[in-house]
Amino acid sequence: MKISFVGSGYVGQVNAAGAAHYGHEVILVDIDPKKVDSLNKGIPTIFEKGLEGLLQELVLKKKTLRATLDLQQAVHATDISLICVGTPDKGGMIDLSYIQQVAKGIGEALKTKENYHVVVVKSTVVPGTSLNTVNVLLEQYSGKKAGIDFGLCMNPEFLREGVAVEDSIHPDSIVLGTQDEKTKKIMREMYAWAEESKFTYVGITAAEAIKYAKNSFLATKITFANEWANFCDAAGIDAKEVLEAIGADRRISPMFLRNGPGYGGSCFPKDVNAIVHAGQVRHSPFRILEEVVAVNHTQYLHLIDLAQEKMGSIARRKVGILGLSFKPETDDTRESPALRIISYLVSQGCEIKAYCPQGMEMAKEMLEERRITEVNYMNSAEECIKDAELVLIPTDWAEFKEIIPKITVPTFIGHRSLVNPDDYAHVYALGYPKR
Ligand code: UGA
């Protein structure tokens, strides 16, 4: 099939590569000429394992993927357009301005298009948006009717950063929200390579809700693990023993039950905020989720408290921070607990050296936006820990396992999966009150 992905961010680039990998002819659309240029050279504009190799093959060798600035032409040249633009957080609410812009553009293109075209909302949008905002604009600008002249589908995104290429090629589940059989059939054809058991067919608004229900459930599960770990610290219990034991119960599962300095990233924080707001607007508040937001907001402080408990005040100390991205294997530092920790330490007059295998550039940019310019960004973990009086490791990049035995000062880790603190006298971890 011929497919266009509108918005060449993280979701657009990975999904476009996935679709072209399965033999579709794909066009990526963006308003940024630099992005389009880079993509046409087969160079991704984000760091994601396996993406560069895939783009090189699809763009340069097979020539089944290309990028363009021309939305109208892309809609005319394809059978399906997937809207993949961002829906950022704007003061706790969802910002739909990019979605609206794209819906108008696609609507205008549909006006002069003869063949049936399916428009798919891939971006995460609060329940009601696809019908009340996207479809209204599509119909208004095209002068056509959804379900008759063109198709509308909501197909939420479940990719995890860091393993997104793998997730896109081997998805766990595919949710298709449609309101007419023809659109459903075309969408099933787009995913012809996937087994039937992976599919959930629902209405458009339910598909939107499924995305939020999943992300907010997972954020709640992590927060549950974090509060239990905090309690275990206070009660002298090893949290790992408790969390692993409850995770072994098949009804609970060990997934997303790893305690740490709080969830971050471009999805969970934004999505939980947005659905909390949607609940308030509809007078059906999500009281649990309101607390999840509040608890997660201060969870990073537990790592700092642990350091203060073991070392006394850490004000004005020399601190090495290893790991800036919100999780390993990504360059994304949005809502990263590491940045919250740095902001706090700067306010305490600490001298900070930081290192991250991928997240340095974005971290520097984001911290400088907050006028935090005192951080020294180092080229290696070794340089980062040199002369430090203490080391904090908020993000569990596997490569830090090698540096931990070389550290001689107290080291505080956010995630127990990194190393077993039993093995190192200088290592302290959240949820581990033994030492
Ligand atoms: C999340 C979802 O997992 C994806 O399914 C979804 O598509 C995506 O959001 C999205 O909405 O686009 P992602 O943000 O890439 O994916 O990252 P996760 O791997 O889910 O981790 C989120 C945060 O939770 C990270 O800060 C991670 O360190 C933290 N986490 C995760 C824990 O603290 N403990 C855990 O057990 C698991």
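Residues numbered from 1 in each chain as written. Predicted model: local features only at pLDDT ≥ 70, side-chain atom pairs only at ≥ 80, totals over all residues. Heavy atoms only, no water.

- The name an unreviewed UniProt entry gives the protein is UDP-glucose 6-dehydrogenase, with Candidatus Lokiarchaeum ossiferum as the organism.
- Quoted verbatim from the Catalytic activity (unreviewed entry) heading of the UniProt record, the comment on the protein is "UDP-alpha-D-glucose + 2 NAD(+) + H2O = UDP-alpha-D-glucuronate + 2 NADH + 3 H(+)".
- In its Sequence similarities (unreviewed entry) section, UniProt records this for the protein: "Belongs to the UDP-glucose/GDP-mannose dehydrogenase family." (UniProt positions renumbered as here; feature names shortened; annotations may be inferred.)

Looking at the nonpolar core
And step 1. Residues Ile321, Leu322, Leu324, Ile342, Leu345, Leu392 and Phe412 are the most contacted members of the largest nonpolar core, which totals 52 residues.
And step 2. Sort the elements by how many residues they give to this core and helix 14 (residues 337-347) lands first, with six residues.
And step 3. Apart from residues lying up to four places away in sequence, Phe412 is in contact with Leu303, Leu306, Ala307, Lys310, Met311, Leu390, Val391, Leu392, Ile393 and Tyr428.
And step 4. Among the nonpolar cores identified, the runner-up in size contains 42 residues, and Val85, Ala103, Leu137 and Ile222 belong to it. (Core = buried A, V, L, I, M, F, W, Y, C linked by side-chain atoms within 4.5 Å. Buried < 20%, exposed > 50% of the residue type's maximum accessible area, 1.4 Å probe, protein only. Helix = DSSP H or I, 4+ residues; strand = E, 2+ residues; numbered from the N terminus. Contact = heavy atoms within 4.5 Å.)

Considering helix 15 (residues 360-369)
And step 1. Those residues of helix 15 that sit buried are Met360, Ala363, Met366 and Leu367. Looking down the long axis of helix 15, one finds its buried residues gathered within 135° of arc, a one-sided arrangement. Opposite the buried face of helix 15, at more than 90 degrees from it, the exposed residues are Glu361, Glu365 and Glu369.
And step 2. Tucked into the core, helix 15 has its buried residues touching helix 14, strand 12 (351-355) and strand 13 (376-377).
And step 3. Count one or two residues on from helix 15 and you reach Arg371, which has phi positive near 60°. (Arc of directions from axis to C-beta.)

Looking at the environment of Ile246
And step 1. Residue position: Ile246 is located in helix 10 (residues 239-247).
And step 2. Along the backbone, Ile246 and Tyr300 are 54 residues apart, and their C-alpha atoms lie at a distance of 24 Å.
And step 3. Sequence-distant contacts of Ile246, that is, excluding residues within four places in its chain, are made with Phe224, Ile252 and Leu257.

Remarks on the pairing of strand 1 (residues 2-6)
And step 1. Within strand 1, four of the five residues are buried, which leaves it mostly tucked inside the rest of the structure.
And step 2. Bridge count for strand 1 against strand 2 (residues 25-29) is five bridges, and the pairing is parallel. Bridge pairing links Ile3 to Val26 in strand 2.
And step 3. With helix 1 (residues 10-21) bridging strand 1 and its parallel neighbour strand 2, the resulting β-α-β unit is right-handed.
And step 4. Across four bridges, strand 1 lies against strand 4 (residues 80-83) in parallel orientation. Paired with Ser4 across the strands is Ser81, a residue of strand 4. (Pairing = 2+ DSSP bridges. Right-handed = clockwise from strand over helix to strand, strands pointing away.)

Quick look at the site of the ligand
And step 1. Around the ligand, a shell composed of 19 residues is seen, among which Leu159, Glu161, Lys211, Asn215 and Cys267 lie nearest.
And step 2. Contact between the ligand and Asn215: an oxygen atom at 2.7 Å from a side-chain N or O atom of the residue.
And step 3. One of the backbone N or O atoms of Gly264 is found 2.9 Å from an oxygen atom in the ligand.
And step 4. Against a free-state accessible area of 710 Å², the protein chains account for coverage of 92% of the ligand.
And step 5. When contributions to the shell around the ligand are tallied by element, the ones reaching two or more residues are helix 9 (204-235) and helix 11 (268-281).
And step 6. Top element by residues in the shell around the ligand is helix 9. It accounts for three residues.
And step 7. In terms of residue class, the shell around the ligand is made up of nine nonpolar, three polar and seven charged.
And step 8. Residues lining the shell around the ligand come from more than one domain, with at least three contributed by each of domain 1 (2-202) and domain 2 (215-429). (Near = heavy atom within 4 Å. Polar contact = N/O pair within 3.5 Å; in protein donor to acceptor, adjacent residues only side chain to side chain. Areas by Shrake-Rupley, 256 points an atom, 1.4 Å probe, with all protein chains shown as cover. Nonpolar A, V, L, I, M, F, W, Y, C, P; charged D, E, K, R; others polar. Domains from an automatic or database assignment.)

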